[in-house]
Amino acid sequence: MFVLNSPEAVHDVLVTQSRKFSKGLLFDIARPFIGNGIITSEREFHRRQRRALQPAFHRDSIAGYVGTMIDVAEEQVSTWRPGEVIVMDQAMRRLMTVMLVATLFSTERPDGAEAMAELGDRVAEHLTTVMRGVFVGTVLPAPIASLPALGHRRYLSAAAALRDLADTAVRQARQDPTGRGDLLSIMFTGTAGNPQGMSDVEARDELLSLLMAGAETTSTTLSWALYELGRRPEITDRIKAECRSRPVEVIPSATTFPFTDRFLREVLRLHQPNWLLMRRALEPVRVSGIELPPGAEIIYSAATMHRDPAYFPDPLRFDPDRWLDRSQKELPPGAYIPFAVGNRKCIGDFFSMTEMLVVLRSIVSRWRLHPLEKHRVRPVVQAQIRPNSLPMLVSPWPTR
Ligand code: HEM
């Protein structure tokens, strides 16, 4: 295995010479369980599928989801009670799964919000187990990874349950004559490269890919954001002031909420959840003067790149205002890569920034967050780097 350890090497593999690489071991392990969707597929088929999904992630489409995002966030955050202790990592996992399902997969469900929340809960639970299984299967040799003691059976049944849920969603959408306008109906619509639209199996695999890629990433990032807010009341005050000074109908974005956006960029730098992503060389290739043989497995880690003092002075200091001194554009390509770069760059980058801004606005407008004195928050390394657990006490702002 080779580890890419400079922005130039990362950029070379992900962008300049990307054609010479496939996605590698991590995704080979995931494929039998989540299928051949956009995160696991390769080459022409990947290009075709990515093109078909892209319209759902255009800025105009996202503007259309904001109302649903706000409703989902408000619904959950308004159930908290003054003085209550909320286990934030769990609350964020549920919230972000429900938000993803509600925005992308169902614009008008007849059975309403409760069914959606229940579906979100089930998806969240299975997803966590499946992601843990993929991680265990990647870092351990196969005979050890499949030991029952490591939860192998639980992983297999969670993957099967998730596939069932996705199959049902696809079947229901296919039978729905109203053309719901959500992502599933976009998948069924023909494109120039694929006039028939996607088959049920293709649509199911894309749905699983988007759930895998889009729920845990945002919920883990938001958990770290809330952790930082708990430790830094002065930052909470600045975000609160920004929320107060904007009318509620303003759609949160980098332009309308510049400080909150900088804060999130700093969370994505210091608490980048993706510590292990992979590629595999398809042919002999030279990267940073090193000859890589065909089949070489390659690791790149956004978490490591983001702590390089050459680009981020005093890298362990959490400081949203560092982005005032040096914008992302001034860094060498490959130095700050929360959403990766190149043809496999995150399709949901803008979507997720919008979701996270919406959630932060909902929380900070209502609540102050207090860490529990006796609880020590530790980073835990699994498929992502997440907090071990994040219980926080919530209290309302004093009325002025
Ligand atoms: C904070 C949130 C997120 C982070 C940090 C993040 C990060 C990333 C990264 C680093 C990759 C590249 C993986 C690789 O090189 O193998 C990626 C790919 C991807 N992400 Fe995200 N992501 C986030 C949210 C989302 C959301 C909300 C969605 C969808 C709704 C999404 C969908 C995808 C998809 C489909 C891919 C694969 C793209 C392709 O291969 O063409 N992500 N993401």
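- As recorded in an unreviewed UniProt entry, the protein chain goes by Pentalenene oxygenase and comes from Streptomyces platensis.

## Thoughts on the sheet that holds strand 2 (residues 21-22)
Then step 1. With mixed pairing, the 4 strands of this open sheet are ordered in space as 1-7-4-2. The open sheet terminates on both sides in strands that have one partner only, identified here as strand 1 (2-3) and strand 2.
Then step 2. Direction of pairing for strand 1 relative to strand 7 (residues 297-300): parallel, over a ladder of 2 bridges. Its bridge partner being in strand 7, valine 3 is matched across the sheet by isoleucine 299.

## Digging into the pairing of strand 7
Then step 1. Going residue by residue along strand 7, you find Glu297 and Ile299 tucked away on one face and Ile298 and Tyr300 tucked away on the opposite face as well.
Then step 2. Taken together, the 4 bridges between strand 4 (residues 277-281) and strand 7 define a ladder with antiparallel strand orientation. Bridge pairing in strand 7 links leucine 277 to tyrosine 300.

## Some words on unusual backbone geometry
Across the chain, the bulk of peptide bonds are trans and the bulk of non-glycine residues have phi less than zero.
Then step 1. A positive phi angle, near 55 degrees, is found at arginine 43, a position not held by glycine.
Then step 2. Within the element layout of this structure, arginine 43 appears in helix 3 (residues 43-53).
Then step 3. Judged by relative accessible area, arginine 43 falls into the partly exposed class, the value being 45%.
Then step 4. Not every positive phi belongs to a glycine, and aspartate 314 is a case in point at roughly 50 degrees.
Then step 5. Looking at where aspartate 314 falls in the secondary structure, it is placed in the loop between helix 14 (302-305) and helix 15 (322-325).

## Remarks on the nonpolar core
Most often, soluble globular proteins have nonpolar side chains that are buried together.
Then step 1. In this structure, Met88, Met92 and Leu226 are the most contacted members of the largest nonpolar core, which totals 119 residues.
Then step 2. Per-element accounting of this core gives the leading share, 11 residues, to helix 5 (residues 88-104).
Then step 3. Sequence-distant contacts of leucine 226, defined by excluding residues within four places in its chain, comprise Met88, Met92, Leu360, Ile363, Leu369, Leu390 and Met392.

## Observations concerning helix 16 (residues 349-366)
Then step 1. The terminal C-alpha atoms of helix 16, which comprises 18 residues, lie 26 Å apart, in line with the 26 Å expected from a rise of 1.5 Å per residue.
Then step 2. Counted residue by residue, helix 16 has 14 buried out of 18 residues, so it is predominantly covered.

## Quick notes on the site of the ligand
Then step 1. Taken together, the neighbourhood of the ligand is formed by 33 residues, with His46, Arg50, Tyr300, Arg344 and Cys346 sitting nearest.
Then step 2. Within the contact set of the ligand, an oxygen atom lies 3.4 Å away from a backbone nitrogen or oxygen of isoleucine 38.
Then step 3. Of all elements in the fold, only helix 3, helix 5, helix 10 (200-214), helix 11 (216-231), strand 4 and helix 16 reach the threshold of two or more residues within the shell around the ligand.
Then step 4. No other element matches helix 16, which puts 4 residues into the shell around the ligand.
Then step 5. Class assignment of the residues belonging to the shell around the ligand gives a composition of 18 nonpolar, 9 polar and 6 charged.

## Examining the environment of glutamine 196
Then step 1. The topology assignment puts glutamine 196 in the loop between helix 9 (183-188) and helix 10.
Then step 2. For glutamine 196 and phenylalanine 351, which are 155 residues apart along the polypeptide, the C-alpha to C-alpha distance reads 27 Å.
Then step 3. For glutamine 196, the residues in contact, after removing those within four places along its chain, are Phe188 and Gly190.

Cut-offs used in this document
Residues numbered from 1 in each chain as written. Predicted model: local features only at pLDDT ≥ 70, side-chain atom pairs only at ≥ 80, totals over all residues. Heavy atoms only, no water. Pairing = 2+ DSSP bridges. Helix = DSSP H or I, 4+ residues; strand = E, 2+ residues; numbered from the N terminus. Buried < 20%, exposed > 50% of the residue type's maximum accessible area, 1.4 Å probe, protein only. Core = buried A, V, L, I, M, F, W, Y, C linked by side-chain atoms within 4.5 Å. Contact = heavy atoms within 4.5 Å. Expected span 1.5 Å × (residues − 1). Near = heavy atom within 4 Å. Polar contact = N/O pair within 3.5 Å; in protein donor to acceptor, adjacent residues only side chain to side chain. Nonpolar A, V, L, I, M, F, W, Y, C, P; charged D, E, K, R; others polar.

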